[in-house]
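Observations on the model geometry
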Amino acid sequence: MTQEKPTRTAPQFRVAVSPLSWTNDVLEQLGSDTPLEQCLAEAAAAGYVGVELGRKFPREAEVLGPILERHHLALASGWYSGFLAERDVATELKEVAAHATLLKTLGAKVMVYGECGAMVPEAPLDVAMSTRRRLTPVEMQAYADRLSEFAARLLATYGLHLAYHHHLMMVAETLDEICALFDRTTLAVGLLLDTGHCAAAGFDYRELIKHYGDRIVHIHLKDVRADVMRDVRTGDLSFNTGVLNGMFTVPGDGSVDYSGIADFVRQTGYTGWIVVEAEQDPGKAPPLATVTRARQFIKALLA
């Protein structure tokens, strides 16, 4: 009697791309003339099945939904600029309502949360990297409490898991700061693992997998050009200057080792989105060629 060959199950994760390769959300001169239709058509042509929101996306579900359907793209998530480091949960829930409703209506399951409180009031990404504010332990605990409550209510009201985006220039940039926050939050607060922001903050993303792998609900694959990042740090340049100088690129083009991502996906059966993200000048890094190369890199990595 011959044994049947074991059946292979298809990977459960999906691969999306951020519109930042076409149009920057902060540096409006980058991709200012690029139409949304070009972004979506090229994302689909490169083999992606989803996208995140960008500044050129309409924010009405009845308008955006048919556009995405026409390109056979799902809405993976969308960045939300939160201010819980400064304001209360009730205020934050009012502010997030329209954004969360859009994500829920179009089928997203996670919301990317970026902390924009406790930053320089004007042009916070244009100041020297060393000038960002750090929270004291007491401030961090209060912040963690508010974030935990907000995440629980976001899930209860909209069915959205909060994906916390550790980020350069924000209150959780370094490994110690991220650990200090996540050790104080409840399990309602999910983690967005961003490989590029880990490397740029000076630590290996595998540390976050080791400590908080069970809380990872969203992944951004961003690469770093180590030489440019070193110049940004030694010259104490701003985040935006670093972007313009090319410190970030798509996975496979920089210094990040992605074998740990492959191990994590295979060992845990990760079922969320993996998003290619690179804040680059589209005039220097033509988007279609760049994101196509990144898609092929991910396909080989996770084959």
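Please read all numbers here as calculations on a predicted model, not as lab measurements. Here the residue index of a chain counts from 1 through its sequence in written order. Thresholds applied to this predicted model are a pLDDT of at least 70 for local features of residues and 80 or more for the giving and counting of side-chain atom pairs; totals over whole chains, interfaces and linings are not thresholded and use all residues. In computing side-chain values, all of the structure's heavy atoms are included and hydrogens and water are not.

Considering the sheet that holds strand 2 (residues 50–52)
- A sheet is described by the order of its strands in space; here 9 strands give the open sequence 3-2-1-11-8-7-6-5-4, paired in parallel fashion. Both outer strands of the open sheet, strand 3 (74–77) and strand 4 (79–82), are each paired with one neighbouring strand and no more. Here the strands of the sheet are splayed against their neighbours by 35° on average, with no regard to which way each runs.
- As paired strands, strand 5 (residues 110–115) and strand 6 (residues 161–165) are joined by 4 bridges and run parallel to one another. Each residue of the ladder has a partner; that of Tyr-113, found in strand 6, is Tyr-164. Here, any two strands with at least 2 DSSP bridges between them count as paired. Each helix is a run of DSSP H or I of at least 4 residues and each strand a run of E of at least 2, with the numbering of both proceeding from the N terminus. Think of each axis as a best-fit line through the C-alpha atoms, taken over the contacting stretch in the case of a helix, with angles from 0 to 180 degrees between the N-to-C directions.

Things to note about unusual backbone geometry
- Phi at His-72 takes a positive value of approximately 60°, unusual for a residue other than glycine.
- Relative to the helices and strands, His-72 resides in the loop between helix 2 (61–70) and strand 3.
- When a residue's accessible area, from a 1.4 Å probe over protein chains only, is under 20% of the maximum for its type it is buried; when over 50% it is exposed; and in between it is partly exposed. You can call His-72 exposed: its relative accessible area is 67%.
- Positive phi, close to 50°, is recorded for Asp-236, a residue that is not glycine.
- Tracing the backbone through its elements, the reader meets Asp-236 in the loop between helix 8 (226–234) and helix 9 (239–245).

Section: the state of the cysteines
- Criterion for a disulfide: a pair of cysteine sulfur atoms at a distance within 2.5 Å. Applying the stated criterion across every chain yields a total of 0 disulfides.
- With no disulfide of its own, Cys-179 has Cys-198 as its nearest cysteine by sulfur position, at a separation of 10 Å.
- On the basis of relative accessibility, which here comes to 13%, the residue Cys-179 falls in the buried class.
- Relative accessible area serves as the criterion here: at 0%, Cys-198 is assigned to the buried category.

Here we look at the packing of helix 3 (residues 89–105) against helix 4 (residues 137–158)
- Where helix 3 contacts helix 4, the two axes come as close as 11 Å, and the packing angle between them is 40°. Our classification of the angle between helix 3 and helix 4 gives oblique. Here the hand of the crossing between helix 3 and helix 4 comes out right-handed. On the side of helix 3, the interface is formed by Val-89, Glu-92, Leu-93, Val-96, Ala-97, Ala-100, Thr-101 and Lys-104, while helix 4 contributes Arg-146, Glu-149, Phe-150, Arg-153, Leu-154, Thr-157 and Tyr-158. Roughly parallel refers to an angle under 35 degrees, roughly antiparallel to one over 145, roughly perpendicular to one between 65 and 115, and oblique to any angle outside these ranges. Crossing handedness follows the turn of the near helix against the far one: under a right angle anticlockwise gives a left-handed crossing, and clockwise gives a right-handed one. Any pair of residues with heavy atoms lying within 4.5 Å of one another is described as a contacting pair.

Description of the nonpolar core
- With 98 residues, the main nonpolar core has Tyr-113, Tyr-143, Phe-150 and Tyr-164 as its most contacted residues.
- Ranked by residue count, the leading element in this core is helix 4, at 8 residues.
- Every residue in contact with Tyr-143, bar those within four places of it in the chain, is listed here: Leu-84, Ala-85, Tyr-113, Glu-115, Leu-135, Tyr-164, Val-171 and Leu-181. The term nonpolar core refers to a set of buried residues drawn from Ala, Val, Leu, Ile, Met, Phe, Trp, Tyr and Cys, joined through side-chain atoms within 4.5 Å.

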